[in-house]
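# Residue-level structural notes
Chain by chain, the residues run as shown.
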Amino acid sequence: MPSTCVVGLQWGDEAKGKIVDLLCDRHDAVVRYQGGANAGHTVVVDGTTYKLSLIPTGILRPGITAVIGNGVVIHPPALLAEVERLSGQGVDFKGRLLISDRAHVILPYHLAEERLTEESSSTADHLGTTRRGIGPCYKDKVGRVHGVRVGDLYHPERFRSHVARIVEYKNRLLTAMLPDYTPLDGPTVADEYLGYGEKLRDYVADTTAWLHHAIESGKSLMFEGAQGSLLDVDHGSYPYVTSSNSSAAGIAAGSGVPTRHINRWIGIVKAYCTRVGGGPFPTEQDNPVGERIRQVGREYGTVTGRPRRCGWFDAVATRHGARVSGATEVAVMLLDVLSGHESIQVAVAYEDKHGKRVTDFPADLDDLAECRPVYKTLPGWSEDLTKARSWNELPATAKSYIEFLATELKVPVSIVSVGPDRRQTIHVT
Ligand code: GDP
Ligand code: IMO
Ligand code: MG
């Protein structure tokens, strides 16, 4: 059966959660393949709001299995709190959540390590992360010596000695570097995490094998990206990125499923652009236009509550996202937020510091920071779009805007979203 990928093409928060929720009913499992509790996916179903962070959005649809793949980094207390919160909202987890035994675990020293840079006296060290321990955990994964995987929680003796060794090392480092650091006690940390392991035991599985068995028996999978393609550690606006391959490039590594099994590649974009945290943002509108978008679009971070930086649609950056993620169709979200602007701008190119026209997203941070957007100005619309349910109910200028984005991205638009609810969706035929 055909499988689908849903991935953000910008800097995250493109409303991936809404599209996963909308389309996953035709699938048997929804798989997260990277990231962790830095993600915040909001879904509104019949007026009820659900916030998902580590747990795949598919958990909201009865009958679908939610799979946390090997590429995800898991903070067990955050995961258990999320299970409890969603259970309290009536979500049934029994037999429906699978956690990879190969996924890496976030420990308390990872959160302290993140403070080393995020609270450093040198502001050049600040990336503006979500402070969920994501970067330090991925560092330990790649560094190998101090990595802890979910499966380790089920080998208590080995786990205790591994954690004792790591905690001793991290205590030495962090005591020297962080003035207010209270050294951790290895056995206490080990016991705490073995306790989490017991609570999670029923969910833990070899998800790679499970996914392959699912494919062999004709099941259909949906891969749910977290963050966005421009936050990808290889392809994004490095170093202001997250620590995983958050474009579709992460799917095979982070789930164990080769991407030849996927035949639908849906790139999610906002009708404008936002970003949280540091880093260059050529089309940023740090002015009343950006403020208006922030207020109308309620652009405040789901995870940290930080105001999101807002700006015009950046076709150079988003085209790069569409390329590296291989989008074959695009869903344009939050179009309703742009109502009431007399005109709307789209960056169709950049101009570098020498006045040269740039149409490919620059790799270098300073080059990107020095780029000035070259805008195309399009007419806006005043109508409220939130009640539109078909393409023909959209004003002509809104339709032209969508068509313009498709041309710039070189990818057709298949879905337009005009509000958070499932019903506020237009399928473009
Ligand atoms: P994600 O991380 O990509 O899943 O996106 P977030 O959930 O962080 O941010 C998207 C926000 O926009 C959520 O609060 C959604 O409920 C909301 N949303 C989704 N689609 C639309 C839309 O078409 N219009 C408006 N106004 N809000 C939307
Ligand atoms: P969803 O899945 C938007 C950003 C952070 C920071 C950078 C690195 O909801 O789209 P990290 O904690 O990952 O080391 O932070 O990445 N970031 C996100 N921005 N949406 C997200 O997730 C994000 N996850 C991380 O703000 O700039
Ligand atoms: Mg989000």
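What follows concerns the site of ligand 2. Lining the immediate surroundings of ligand 2 are 19 residues, of which Asp13, Lys16, His41, Thr130 and Thr242 lie closest. Glycine 128 has a polar backbone atom sitting 3.4 Å from an oxygen atom of ligand 2. Residue arginine 306 places a side-chain N or O atom 3.0 Å away from an oxygen atom belonging to ligand 2. Protein contact buries 97% of the 550 Å² of open area that ligand 2 shows by itself. Along the lines of polarity and charge, the residues of the shell around ligand 2 split into six nonpolar, 10 polar and three charged. Here the shell around ligand 2 spans two domains, since at least three of its residues come from each of domain 1 (4-96 + 207-427) and domain 2 (104-202).

For the magnesium ion (ligand 3), every protein donor is listed as Asp13 (OD) and Gly40 (O), and the spread of their distances is 2.0 to 2.1 Å. Here glycine 40 lies in the loop between strand 2 (29-32) and strand 3 (41-45) and aspartate 13 lies in the loop between strand 1 (3-8) and helix 1 (16-23), a separation of 27 residues in the sequence.

On the basis of which strands lie adjacent, the open sheet formed by 10 strands has the order 9-7-5-2-10-1-11-15-19-20 and mixed pairing. Edge positions in the sheet fall to strand 9 (204-205) and strand 20 (425-427), since each has one partner strand and no second. As judged from the five bridges shared by strand 11 (residues 262-270) and strand 15 (residues 329-333), these two strands associate in the parallel manner. From the neighbouring strand, isoleucine 266 faces strand 15, where its bridge partner is glutamate 329.

Partitioning the protein chain into structural domains gives domain 1 (4-96 + 207-427) and domain 2 (104-202). Each partner contributes to the interface: domain 1 provides 25 residues, whereas domain 2 provides 20 residues. Here domain 1 and domain 2 share an interface that buries about 1800 Å² over both sides, 66% of which is from carbon and sulfur atoms. Interface area lost by domain 1 to domain 2 is led by Val73, His75 and Leu80, which between them contribute 29%. Applying the counting rule to domain 1 against domain 2 returns zero salt bridges. Inspection of the domain 1/domain 2 interface yields seven residue pairs in polar contact (both at pLDDT 80 or more). Looking at the side of domain 1 that touches domain 2, the elements with two or more residues in it are strand 6 (73-74) and helix 2 (76-88). Per element, the largest residue contribution to the side of domain 1 that touches domain 2 is four residues, and it comes from helix 2. Of the residues contributing to the side of domain 1 that touches domain 2, the split by class is 11 nonpolar, 13 polar and one charged.

Grouped together as the largest cluster of nonpolar side chains are 69 residues, with contacts concentrated most on Ile19, Leu335, Val346, Leu394 and Tyr401. Of all the elements, helix 12 (residues 396-409) adds the most residues to this core, at seven residues. Membership of the second largest hydrophobic core comes to 44 residues, among which are Val45, Ile55, Phe93 and Ala103.

Below, the discussion takes up the environment of valine 348. You can see valine 348 is positioned in strand 16 (residues 343-351). A relative accessible area of 14% means that valine 348 is categorised as buried. When neighbours within four sequence positions are excluded, valine 348 is seen to be in contact with Ala315, Val316, Arg319, Arg357, Thr359, Val374, Lys376, Phe404 and Glu408.

One pass over the full model with this rule turns up three aromatic pairs. Aromatic pair tyrosine 193 and tyrosine 196: ring centres 5.1 Å apart, planes at 85°, arrangement edge-to-face. Residue tyrosine 193 and its partner tyrosine 196 are both found in helix 6 (residues 186-200); the two are separated by three residues, about one turn of the helix. Each member of the pair, tyrosine 193 as well as tyrosine 196, carries the same accessibility label: buried. Ring geometry for tryptophan 381 against tyrosine 401: centres 6.0 Å apart, planes inclined by 50°, an arrangement best described as tilted. Linking tryptophan 381 in the loop between strand 18 (372-379) and helix 12 with tyrosine 401 in helix 12, this pair joins segments that are 20 residues apart in sequence. By the burial criterion, tryptophan 381 is buried, and tyrosine 401 matches it.

Thresholds applied
Residues numbered from 1 in each chain as written. Chains lettered and ligands numbered in written order. Predicted model: local features only at pLDDT ≥ 70, side-chain atom pairs only at ≥ 80, totals over all residues. Heavy atoms only, no water. Near = heavy atom within 4 Å. Polar contact = N/O pair within 3.5 Å; in protein donor to acceptor, adjacent residues only side chain to side chain. Areas by Shrake-Rupley, 256 points an atom, 1.4 Å probe, with all protein chains shown as cover. Nonpolar A, V, L, I, M, F, W, Y, C, P; charged D, E, K, R; others polar. Domains from an automatic or database assignment. Donors = N, O, S within 2.8 Å, 3.2 Å for Na, K, Ca; no water. Helix = DSSP H or I, 4+ residues; strand = E, 2+ residues; numbered from the N terminus. Pairing = 2+ DSSP bridges. Contact = heavy atoms within 4.5 Å. Buried area = accessible area lost by both parts, 1.4 Å probe. Salt bridge = Lys/Arg side-chain N within 4 Å of Asp/Glu carboxyl O. Core = buried A, V, L, I, M, F, W, Y, C linked by side-chain atoms within 4.5 Å. Buried < 20%, exposed > 50% of the residue type's maximum accessible area, 1.4 Å probe, protein only. Phe/Tyr/Trp six-rings, centres within 6.5 Å; stacked < 30°, edge-to-face > 60°.

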